[in-house]
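# Results of the structural survey
Spelled out, the chains give:
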Amino acid sequence: MKESVHDYSVVRGFAYSALFWLIIGLVVGLWLAAEMFYPRLNLTPWLSFGRLRVVHTNGLAFGFALAGIFSCTYYMLQRLTRTPIAFPRLARFHLYLFNAAIALAALSLFAGMNTSKEYAELEWPLDVVVVIMWVVFAVNVFATLARRREKQMYISLWYIIAMTVTVAVLYIINNLSVPVNLFKSYPIYAGVNDANVQWWYGHNAVGFVFTVPILAMFYYYLPKTVNLPIYSHRLSIISFWSLVFAYLWTGAHHLMLTPVPEWIQTVAIAFSIFLIAPSWGSVVNGYYTMRGNWDLMRTNYLTKFFVVGITFYGLQTIQGPTQGLRTLTAFFHYTDYIVGHVHMGTMGWVTMIISASLYYMVQEMNRTEVYSVRLANLHFYLILAGQLLYTVTMWIAGIQQGAMWKATNPDGSLTYSFIETVASLYPYWKIRFVGGLVYFLGIVVFVYNFVMTGRGSKKSSLDPGMRTA
Amino acid sequence: MGIYSKPALFALLSVVLILAGTFVTTILPIYMPSTQPVSRYIKPYTAVELEGRDIYIREGCNNCHTQTVRPLRTEVARYGEYSKPEEFAYDRPHLWGSRRTGPDLARVGGKYPDAWHYQHLSDPASVSPVSNMPAYGWLAGRRLDTGYTFRKVSVLGYGYSRQEVTEQIDSYRVRVTAPDYPARDVRSRVTPPEFRNYLTEMDALVAYLQKLGRDVKELEQGRQVALQENESGKSEVQ
Ligand code: HEM
Ligand code: HEM
C-alpha cells in the first residue's frame, strides 16, 4: 500500500484550523482571566465577561479540540483502513463548513445570541449547521470504514465510531428547542428536566470530545511514536465498552445537592466512581506499552507528551469522581477548584495529546523531521509549567473559597461576607493569568515549530533526539 | 473477532449502550411528575420579567451567578431557604449555573430596593468597591424590544393573551416612569434623557431580578399551612 493514494489535504486543513482557533481561544482566555482581577477590561458589551467566557469555552472545545480531532480522525481513518477517504470532496466541504460554523459561532456569541446551556450555547440556526456538518463527517467515516482493506478495526477506530454516533445523539437531544425567531429559541424542557438533560449533555461533551477521541489518538500515536504495539488488547476491549456504557449515567454529578431528584444524583456518583476503572485501564495500558523503555522519554521528544498527557488524564479521572462525592461537592462545587480540574484536563491532557499527534502527522505526511526538537521541548516544558501553575493555583483558591463560604463564628453566624471571599481571591487570579501566559508562550512556540515543519524546513540535521522509528 | 470487523454492527451496539444510561437518567425522569412538580404558589414570569430574563441570558450573567441554594446550613444562612424543584417549573432554560464568582441570586428578589439595582448594575464598584462584576450601565441606553414578547410567552405557554401582554408592558412602563417611583432619582441618573420615558433593557432586568425567589415565601407559607392542617386533622381523628 503506497501512502501517496491517501488524501492529506483535509488533515492539513484541519490541523491549521486547530492552531488558528487555539490561538484565538487562548487570547480570549487570557483576556477573560485578566477581567477577573481587572474588571475595567470589560470595555464593550461584547467584551464583557459573561459573553466572552462562552467564546473562550466554545472556541477551544469546538474550534481547537474538534478541529484537532477531525484532523487526526481523517488521518487515522485512512491509515488504519489502508483506504483513502471515501469522499474527498465532501471532506473538503466539511473543512469549509466547519470553519464557517465556528466563525459564525464566535460572532453570534460575541453578539449575545446564546442559549445559556453550557457547551450548547449556539442558537438554533447554527445548531442546524452543526448537525449537517456532523452528518457530512459521519458519512465519510462510515463510508471509508465500509471500503476498508484492513478487516480488523484497530482500537482507535472503536473510539472514533463511538464519538461519531454519541455526539450526534447528545447534541440533538440537548438542543431540541422551539424557535421564537431566527436568533432566539426556548428549550423544550423546563426547569429541573432542562438542567438534568443539559448536564447529561455537558458531561458527555467532556466525555466524547475531551476523552474518547483523545484516547483514539493516544492508542494510535503512542505505539507509532515508540514503535511498540499496545500492551494489552483485552484490557483495551474492557476499557472501551465499560467507558462507553458508564459515561452516560454520570451527568448529575454536575448537579449535586440541587433540586434534581436524589436518586439521579446517587446513580451519577456510583457510576462516576466506577469510571475510574475504565479510565485507568487506558492509563495502565499506556504505561505498560512503554515496556520499561523509559529512556524514550529523553531520547524521543514526542514520547513525553503522550506519557505526561495520559498521566494528567489519570489524575483527572481520580479528581473528577472524588469531587463529585456529596461531602466534597458541598465544599468544591461552584469554586475555582473546578476551574482547576477543567484546565488540568484541557491544558494537560487534551493539548498534550493533540499537539504531539499533530507533530507526528506533519512529519509523516511531509516525510520530514520536525523543524526543531529543541523548540518542541521548549513547547512541552512551557505548557507543562503554565498548566501546573494555573491548576495548582486554582485548587488552592478553590479550597480557600470553599472554606470561607463555610466558615462560621461560634454563634453560628457567617464569618465572611461574599465580597470578602471575592477580595481574597484576587492574588490567585493574578497568578493564574501568569500561568496562562506561560502556557500561551508554549503554544506560540508550538505553532511556529509546526508551521516551519509543514513548510519542509529543518533547522539542523544534527538536531538531537530524532525519531528512531 | 466478529464485532471488530463489522463497523455498522459496532456502531449500533454503541448506540444501544449509550442509550441505556441516557434513558434511565434523563428520558425517564421527564415522564415522572415528581421530577418537575408544579405549585400554585409559583407564578410564571410576567412579560417584562421574561424579557429581563432573556437579557440575563444574553449577557451571560449565569457564567458568574448561580440560581440554586443548596440544602447546607451555611448556604441557607447566606442566601435563604434552599431551592425546591417547584420553583423552576417555568424556567426554560434553567439558569442554575456552574460557577459562583458572584453570589447566588435565587433569593435576591426583594433583598434590595429597585434603586440599589439600578446603581449596582450601572456601576458595581460604586456599591461594592472590590467587585469584579462588569458594569452594565449601557443597558439603560437601550430601549426594550417588545416585538416578540407575545410570541415568547406563547411559545412558553404562559397563557397570557396579546392584550394582557400589552397591559403588563404598559403598566410596568407607567410604574418606572411615574414621578413617585421610589427609584426615580437613580433611574433618571443612569438612564440617558431620551430613554427615560421608555422601558429600557435595564428596567426589564431589574424587574426580573426582583422576581427571583419572590414566590418562594408564599410557597413556604403554603407548606406551613398544609402541614398545620394535616396535624390538626390528625388530632381531631384522635
Ligand atoms: C491561556 C490559557 C487559558 C486561560 C488563561 C484560560 C482562562 C479561563 C478562565 C478565566 C475561565 C473562567 C473561569 C471562571 O469562570 O472562574 C475559563 C474557563 C474555561 N476554560 Fe479556559 N483558559 C485557558 C485555556 C483553556 C483551554 C486550552 C481550554 C480547552 C481546550 C479551556 C477550556 C475552558 C473551559 C471548558 C472553561 C469552562 C469551565 C467551567 O465551566 O467550569 N481553557 N478559562
Ligand atoms: C472519570 C472521569 C471524570 C469524572 C467522574 C469527572 C467529574 C467531574 C465533576 C463531578 C465535575 C463537576 C464539578 C462541579 O461542578 O462541582 C466536573 C467538571 C468538569 N470536568 Fe470532569 N470528570 C472526569 C473527567 C474529565 C476529563 C477527562 C475532562 C477533560 C477535559 C473533564 C473536564 C471537565 C470540565 C470541562 C468540567 C466543567 C463543567 C462545567 O461546570 O462547565 N473531566 N467533572
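Definitions and cut-offs
- Residues numbered from 1 in each chain as written.
- Chains lettered and ligands numbered in written order.
- Predicted model: local features only at pLDDT ≥ 70, side-chain atom pairs only at ≥ 80, totals over all residues.
- Heavy atoms only, no water.
- Helix = DSSP H or I, 4+ residues; strand = E, 2+ residues; numbered from the N terminus.
- Rg over C-alpha atoms; globule rule 2.2 N^0.38 Å.
- Contact = heavy atoms within 4.5 Å.
- Areas by Shrake-Rupley, 256 points an atom, 1.4 Å probe, with all protein chains shown as cover.
- Lys, Arg positive; Asp, Glu negative; His and termini not counted.
- Charge placed at Lys NZ, Arg CZ, Asp CG, Glu CD.
- Phe/Tyr/Trp six-rings, centres within 6.5 Å; stacked < 30°, edge-to-face > 60°.
- Buried < 20%, exposed > 50% of the residue type's maximum accessible area, 1.4 Å probe, protein only.
- Lys NZ or Arg CZ within 6 Å of the ring centre and 35° of its normal.
- Near = heavy atom within 4 Å.
- Polar contact = N/O pair within 3.5 Å; in protein donor to acceptor, adjacent residues only side chain to side chain.
- Nonpolar A, V, L, I, M, F, W, Y, C, P; charged D, E, K, R; others polar.
- Domains from an automatic or database assignment.
- Salt bridge = Lys/Arg side-chain N within 4 Å of Asp/Glu carboxyl O.
- Expected span 1.5 Å × (residues − 1).
- Arc of directions from axis to C-beta.
- Buried area = accessible area lost by both parts, 1.4 Å probe.
- Core = buried A, V, L, I, M, F, W, Y, C linked by side-chain atoms within 4.5 Å.
- Pairing = 2+ DSSP bridges.

## Notes on the overall build of chain B
Counting its secondary structure elements, chain B contains ten helices and zero strands. The linear arrangement of helices and strands in chain B, starting from the amino end, is α-α-α-α-α-α-α-α-α-α. Taking 18 Å as the expected radius of gyration for a compact globule of 238 residues, we find that chain B reaches 23 Å, considerably beyond that expectation. Partitioning the intrachain contacts of chain B with sequence separation of at least 6 by distance along the chain shows that 75% fall at a separation of at least 24. Carbon and sulfur atoms make up 57% of the accessible area of chain B, which totals about 10,900 Å². Charge-centre separation for chain B: the mean point of 30 positive side chains lies 5 Å from the mean point of 27 negative side chains.

## Overview of the packing of aromatic side chains
Taken as a whole and judged by the stated rule, the model has 54 aromatic pairs over all chains. Ring plane angle 65 degrees and centroid distance 6.2 Å describe the contact between Phe245(A) and Phe271(A), whose orientation is recorded as edge-to-face. Taken together, the positions of Phe245(A) in helix H8 (residues 233-247) and Phe271(A) in helix H9 (residues 262-274) put the pair 26 residues apart, joining distant regions of the chain. Owing to a relative accessible area of 27%, Phe245(A) belongs among the partly exposed residues under this scheme. Aromatic side chains Phe446(A) and Phe450(A) sit 6.2 Å apart centroid to centroid with 65 degrees between the ring planes, which places their arrangement in the edge-to-face category. Linking Phe446(A) with Phe450(A), this pair stays in helix H16 (residues 418-454), spanning four residues, or about one helical turn. The burial state of Phe446(A) is the same as that of Phe450(A); both residues are buried. Here a set of aromatic residues connected by ring pairs shows up, and it is made of Trp158(A), Tyr159(A), Phe218(A), Tyr219(A), Phe240(A), Trp241(A), Phe306(A), Tyr4(B) and Phe10(B). Above the plane of the ring of Phe380(A) lies Lys304(A), whose end atom (NZ or CZ) is 5.5 Å from the centre.

## Regarding the site of ligand 1
The full set close to ligand 1 counts 25 residues, and Arg53(A), His56(A), Glu118(A), His343(A) and Arg99(B) are the nearest of them. Chain contributions to the surroundings of ligand 1 come from chains A and B. Side-chain polar atom of Arg99(B) to an oxygen atom of ligand 1: 2.7 Å apart, as the coordinates give it. Taken together, the elements giving at least two residues each to the shell around ligand 1 come down to helix H1 (9-37), helix H2 (49-81), helix H14 (336-366) and H16 of chain A. When grouped by side-chain class, the residues that make up the shell around ligand 1 number 13 nonpolar, seven polar and five charged.

## Considerations on the domain arrangement of chain B
Each domain of chain B was delimited in the assignment, giving domain 1 (1-32) and domain 2 (45-237). The gap between the C-alpha centroids of domain 1 of chain B and domain 2 of chain B is 41 Å.

## Examining the pattern of salt bridges
Residues and elements named next belong to chain B. Applying the stated criterion across every chain, the model contains 24 salt bridges over all chains. Here Asp 203 makes a salt bridge to Arg 187, at a shortest N to O gap of 2.7 Å. On the criterion of sequence distance, the pair formed by Asp 203 in helix H9 (residues 201-211) and Arg 187 in helix H8 (residues 184-190) is long-range, its members being 16 residues apart. Owing to a relative accessible area of 0%, Asp 203 belongs among the buried residues under this scheme. With a shortest N-O distance of 2.9 Å, Lys 211 and Asp 215 are connected by a salt bridge. Asp 215 gets classed as buried once you look at its relative accessible area, which sits at 10%.

## Description of helix H7 (residues 162-177) of chain B
One turn of the α-helix equals 3.6 residues, which is why residues spaced by three or four share an orientation. All names here are of chain B. Counted at 1.5 Å a residue, the expected span for H7 with its 16 residues is 22 Å, and the 23 Å between its end C-alpha atoms agrees. Residues of H7 that are buried: Val 165, Gln 168, Ile 169, Tyr 172, Val 176 and Thr 177. What you see down the axis of H7 is that its buried residues fit within an arc of 145 degrees, all on one side. Against the buried residues of H7 lie helix H2 (47-58), helix H4 (114-122), helix H6 (149-156), H8 and H9.

## Describing the site of ligand 2
Residues in contact with ligand 2 amount to 26 residues; listed here are only the nearest, Glu118(A), Tyr119(A), Val206(A), His333(A) and His341(A). Nearby residues place ligand 2 at the junction of chains A and B. Here Glu118(A) contributes a side-chain N or O atom positioned 2.6 Å from an oxygen atom of ligand 2. The set of elements that each furnish at least two residues to the shell around ligand 2 consists of helix H6 (191-209), helix H12 (303-324) and H14 of chain A. Counting residues per element, the shell around ligand 2 draws most heavily on H12(A), at seven residues.

## Some words on the interface of chain A and chain B
Of the residues lining the interface, 89 residues belong to chain A; the matching set on chain B comes to 74 residues. Taken as a group, Tyr186(A), Trp241(A) and Tyr334(A) account for 12% of the area that chain A buries against chain B, more than any other trio of residues on that side. In this structure, the salt-bridge partner of Glu59(B) is Arg51(A), at a minimum N-O distance of 2.6 Å. The element contributing the most residues to the side of chain A that touches chain B is H6(A), with eleven residues. Partitioning the side of chain A that touches chain B into residue classes produces 56 nonpolar, 22 polar and eleven charged.

## Re the nonpolar core
With 158 residues, the main nonpolar core has Tyr221(A) and Trp349(A) as its most contacted residues. Residue-level mapping places this core at the junction of two domains, with at least three residues from each of domain 1 (1-32) and domain 2 (45-237) of chain B. With residues up to four places along the chain from it excluded, the contact list for Trp349(A) reads Phe210(A), Thr211(A), Ile214(A), Leu215(A), Phe218(A), Gly309(A), Ile310(A), Phe312(A), Tyr313(A) and Met344(A). Tyr186(A), Ile55(B), Ile57(B) and Tyr208(B) belong to the second-largest nonpolar core, a separate cluster that totals 42 residues.

## Focus: the pairing of strand S2 (residues 184-187) of chain A
All names here are of chain A. Alternating residues of S2 divide into Lys 184 and Tyr 186 and Ser 185 and Pro 187, and every residue in both groups is buried. Here strand S1 (residues 177-181) pairs with S2 via four bridges, running antiparallel. Bridged to Ser 177 within S2 is Pro 187. Counting the residues in the hairpin turn of S1 and S2 gives two residues.

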